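Close look at the chain arrangement
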Amino acid sequence: AEDEQLIERCPYRRPKGRRQKRKVRRPAQTWEYVTLMRFGSKPLRRALFFLRRVGLRTKEMRELRWADVDLGETPHIALKKSKTGGPRKIGLDKATANWLRALKRNQRGVSEVVFVNCYGTPWDRHTFARHLRRYAKRLGIDDGAAERVSAYCIRHTYVCDGIEAGVTTR
């Protein structure tokens, strides 16, 4: 968001040792997301839709279990461990909660993990990234290492969309 001049400065501080090793991350373009959603596999589309709606990290999405999802009166996801160290709660909007209810109904207790791959097993780090990259190359989205589309691009899209909508960085 800082690179695209949506905010004046990043409100988060990085440790000094990591400041120069910063990887350039970009939000996914709308056409990239739409193309992946139109022609990607069903498990990939589910994961990308969820990442764009909720903004979780890819690892958190892959490890999300139905026990962590509360679809009651105030729908939310309760993560026991996060990258920042402690537990955190992520609120869900009504449409995303309804989508998760339908997904749970369709899975009918097949897996305790929310997002599974084409074989019905949980995604792991390498297979999810490889699957996404394979579809991106096949669809002409991936133009090499500098412009590579990744699941983290979808997370950045979520943040940039929020900033453009007027959500505070806090």
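Relevant structure appears above.
Below is a short write-up of the structure. Because the structure is a prediction, the values reported are computed rather than measured. Residue positions within a chain follow its written sequence, with the count starting from 1. Residues qualify for local features only when their pLDDT is at least 70, as the model is predicted, and side-chain atom pairs are given and counted only at 80 or more; totals for whole chains, interfaces and linings, by contrast, use all residues. Values reported for side chains reflect all heavy atoms of the structure, with hydrogen atoms and water molecules removed beforehand.

This part is about the nonpolar core. Buried Ala, Val, Leu, Ile, Met, Phe, Trp, Tyr and Cys residues that are joined via side-chain atoms within 4.5 Å together make up what is termed a nonpolar core. When accessible area is computed with a 1.4 Å probe and restricted to protein chains, residues below 20% of their type maximum are described as buried, those above 50% as exposed, and intermediate ones as partly exposed. In this structure, Phe-50, Ile-77 and Leu-100 are the most contacted members of the largest nonpolar core, which totals 34 residues. Elements with a minimum of two residues in this core: helix H1 (30-39), helix H2 (42-54), strand E2 (76-79), helix H4 (94-107), helix H5 (125-138) and helix H6 (151-164). In terms of residue count, H2 provides more of this core than any other element does, six residues in total. Setting aside chain neighbours within four positions, we find Leu-100 in contact with Phe-50, Trp-66, Val-69, Leu-71, Leu-92 and Val-114. Only DSSP runs of H or I reaching four residues or more are called helices, and only runs of E reaching two or more are called strands; each is numbered from the N terminus. Should any heavy atoms of two residues lie within 4.5 Å, those residues are counted as being in contact.

Pairing within the open sheet is antiparallel, and its three strands lie in the order E1-E2-E3. Strand pairing shows two members of the sheet lacking a second neighbour, strand E1 (69-70) and strand E3 (88-91), which therefore form its edges. Think of it this way: DSSP has to see at least two bridges between two strands before they count as a pair.

For H6, built from 14 residues, the straight-helix expectation of 20 Å at 1.5 Å per residue is met to within 8% by its first-to-last C-alpha distance of 20 Å. Within the span of H6, buried status applies to Ala-151, Cys-153, Ile-154, Arg-155, Thr-157, Cys-160, Gly-162 and Ile-163. At the C-terminal side of H6, Gly-166 shows a positive phi close to 100°. Multiplying one less than the number of residues by 1.5 Å gives the expected span of a helix.

Turning to the side chain of Arg-155, a few remarks are in order. Structurally, Arg-155 is set in helix H6. Charge counting follows a simple rule: Lys and Arg are positive, Asp and Glu are negative, and His as well as the terminal groups are ignored. What makes a salt bridge here is a side-chain nitrogen of Lys or Arg within 4 Å of a carboxyl oxygen of Asp or Glu, nothing more. For the buried Arg-155, no salt bridge is present, and the opposite-charge side chain at shortest range is Glu-60, 5.0 Å distant. When neighbours within four sequence positions are excluded, Arg-155 is seen to be in contact with Gly-55, Leu-56 and Arg-57.

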